[in-house]
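Survey of secondary and tertiary structure
So you can see what is in the structure, the chains are spelled out below.
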Amino acid sequence: MLMEQEKHRMMEPLFDYDVMGGQPALVGNGLTGMDILSVDQFDKAKIDYIFARAREMREMVEIVGAADLVKGNVLACIFYEPSTRTSSSFIAAMERLGGSVIPITGGVQFSSVSKGETLQDTMRTLEQYADVIVLRHPQIGAAIAAAEAATVPVINAGDGAGEHPTQALLDLFTIQEELGTLDGLTVSMVGDLRFGRTVHSLSKLLSMYNVKLNLVSPEILRLPLTTMNQVRDAGIDVRETHDVADIIADTDVLYVTRVQKERFSDLSEYEQVKNQYEITTELMTHAKEKMVIMHPLPRVGEIHYDVDRDPRAAYFRQVRNGMYIRMALLAGVLGRA
Ligand code: ASP
């Protein structure tokens, strides 16, 4: 439930284009000081709040490009796994809000991690300089351990095959903005549902809405049982299949994913399931006129390049939404939105 103060905030515009910066911290936003570790932390009211703020961020960026909402605040961005979009969008988000960034994203081999420093000590060090830490790590649960060690908020930017909550929020926001609703939709998730952390987080978020889920994967890449149970317990109608042709005609959101090669201990298993799904212009002739194709990216062949010209291809718009959502989250966690 929204507190009175929060309801009030949802109505008020965040930016006064003449007077930016210097606002008092907003403690009533429900996000101030919060670690963002899993989508389980969010309810519909918080999601609506974040989306409202993200729309304001979009408007602000379109009108003036940047603000000084979090001026003086510092973000430490540490990535123990490769990233293009998540790292750059967090950096862009912080800079467009007027804050600054310590980027440890070019490879932790250049940090003391390569000397054997523990995650806990790295967190306790970064918090001496930064007001918020964004962490990507190959181990499930690493973000929770980091949040326990740090006194500043920690944002999970992907913990191995676990979760990717900020991606799921931007995915959900993209669906809302593209299709105008989150209810009454059939969402089809295709590819690596087992190791795909974006799929785990998004399927749980979608379970809060009135959706039908189609899960399309090879047998060995089916959605993990814990996530499946959570989705089913929420009363979601789930259908599993191996074939995209079974679901394409009634799909509103086609969420395509990459097979996560780096998660396979046996590469021969990867060889068996890679390149199993390819979204082509021919396949898209069987899809609804009003629907969207999404992908958390990077793609490695799952969506043909000529599909990019299809107006239903929303994956680069999805990328841009990531910056607005992360601006909303950073400003929220820092008590400024
Ligand atoms: N970029 C997404 C992630 O970090 C998806 C992927 O890597 O395939 O989980």
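See the structure printed just above.
Calculation criteria
Residues numbered from 1 in each chain as written. Predicted model: local features only at pLDDT ≥ 70, side-chain atom pairs only at ≥ 80, totals over all residues. Heavy atoms only, no water. Buried < 20%, exposed > 50% of the residue type's maximum accessible area, 1.4 Å probe, protein only. Helix = DSSP H or I, 4+ residues; strand = E, 2+ residues; numbered from the N terminus. Pairing = 2+ DSSP bridges. Right-handed = clockwise from strand over helix to strand, strands pointing away. Near = heavy atom within 4 Å. Polar contact = N/O pair within 3.5 Å; in protein donor to acceptor, adjacent residues only side chain to side chain. Areas by Shrake-Rupley, 256 points an atom, 1.4 Å probe, with all protein chains shown as cover. Nonpolar A, V, L, I, M, F, W, Y, C, P; charged D, E, K, R; others polar. Axes fitted to C-alpha atoms, helices over the stretch in contact; angles between N-to-C directions. Contact = heavy atoms within 4.5 Å. Expected span 1.5 Å × (residues − 1). Salt bridge = Lys/Arg side-chain N within 4 Å of Asp/Glu carboxyl O. Parallel < 35°, antiparallel > 145°, perpendicular 65-115°, else oblique. Left-handed = near helix turned anticlockwise from the far one by under 90°.

Some remarks on the pairing of strand β3 (residues 132–137)
Counting buried positions over the 6 residues of β3 gives 6, a clear majority of the element. Residues of β3 alternate between two faces, with Val132, Val134 and Arg136 on one and Ile133, Leu135 and His137 on the opposite face, all of them buried. In this sheet, β3 lies alongside strand β1 (residues 74–79) in parallel orientation, the contact comprising 5 bridges. Bridge pairing in β3 links isoleucine 78 to leucine 135. Here β3 runs beside strand β4 (residues 154–159); their pairing, made up of 4 bridges, is parallel. Each residue of the ladder has a partner; that of leucine 135, found in β4, is asparagine 156. Between the parallel elements β3 and β4, the chain passes through helix α5 (residues 142–149) in a crossover that is right-handed.

Examining the site of the ligand
With respect to spatial proximity, the complete set of residues near the ligand consists of Arg136, His164, Arg197, Thr198, Arg258, Gln260, Pro296, Leu297 and Pro298. Separating an oxygen atom of the ligand from a side-chain N or O atom of arginine 197 is a distance of 2.8 Å. With respect to the ligand, the side chain of glutamine 260 contributes an N or O atom lying 2.8 Å from an oxygen atom. Isolated, the ligand exposes 260 Å² of accessible area, and the fraction of that covered by the protein chains is 91%. In the shell around the ligand, the residues fall into 3 nonpolar, 3 polar and 3 charged.

With respect to the sheet that holds β3
The sheet built from 4 strands is open, its strands ordered β2-β1-β3-β4 with parallel pairing. Every other strand in the sheet has two partners, leaving β2 (100–104) and β4 as the edge strands with one partner each. Within this sheet the neighbouring strands show an average axis-to-axis angle of 15°, counted without direction. Sitting on the sheet, helix α3 (residues 85–96) is in contact with β1, β2, β3 and β4, with an inclination near 175° to β1.

Quick word on the side chain of aspartate 252
Mapping aspartate 252 onto the fold places it in the loop between β7 (237–241) and β8 (253–256). Looking at aspartate 252, the relative accessible area reads 8%, which means it is buried. Separated by 2.8 Å, the side chains of aspartate 252 and lysine 288 make a polar contact.

Remarks on the environment of valine 216
Positionally, valine 216 belongs in strand β6 (residues 211–216). When its relative accessible area of 0% is taken as the criterion, valine 216 is described as buried. Between the C-alpha atoms of valine 216 and alanine 245, which are 29 residues apart in sequence, the distance is 9.9 Å.

Some thoughts on the sheet that holds β8
Strand pairing in a sheet is mediated by backbone hydrogen bonds. Such pairs are either parallel or antiparallel. With respect to topology, 5 strands assemble into an open sheet ordered β7-β6-β5-β8-β9, the strand pairing being parallel. The sheet is open, and its two borders are formed by β7 and β9 (292–294), each paired with just one other strand. Here the average twist between neighbouring strands, direction ignored, is 15°. Here 3 bridges tie β8 to β9, and the two strands are oriented parallel to one another. In the sheet register, leucine 254 faces β9, and the bridge partner there is isoleucine 293. Each of β5 (185–190), β6 and β8 is contacted by helix α7 (residues 197–206), which is oriented at about 165° to β5, the strand it contacts most.

Thoughts on helix α11 (residues 315–333)
If you check α11, its first and last C-alpha atoms are 27 Å apart, about what 19 residues at 1.5 Å a residue would give, namely 27 Å. Summarising burial for α11: 15 of the 19 residues are buried, a large majority. Where α11 terminates, the next one or two residues include glycine 335, which has phi positive at roughly 75°.

Notes on the pattern of salt bridges
One pass over the structure, following the stated rule, counts 15 salt bridges. A salt bridge links arginine 53 to glutamate 56; its shortest N-O distance comes to 2.9 Å. On the criterion of helical spacing, the pair formed by arginine 53 and glutamate 56 is a turn pair, its members being 3 residues apart in helix α2 (residues 44–64). Notably, a salt bridge pairs arginine 58 with glutamate 177, separated by 2.9 Å at the nearest N-O pair. Highlighted residues: arginine 58 in helix α2 and glutamate 177 in helix α6 (residues 165–179), separated in sequence by 119 residues. Through salt bridges with shared partners, a single network forms among Asp40, Glu163 and Lys204.

Observations concerning the packing of α2 against α11
At a closest axis distance of 8 Å, the pairing of α2 and α11 adopts a crossing angle of 115°. In terms of orientation, α2 lies roughly perpendicular with respect to α11. Between α2 and α11 lies a crossing whose hand is right-handed. On α11, the residues that touch Ile50, Phe51, Arg53, Ala54, Met57, Arg58, Met60, Val61 and Glu62 of α2 are Arg320, Asn321, Met323, Tyr324, Ile325, Met327, Ala328, Leu329 and Ala331. For the contact of α2 with α11, a count of residues per class yields 13 nonpolar, 1 polar and 4 charged.

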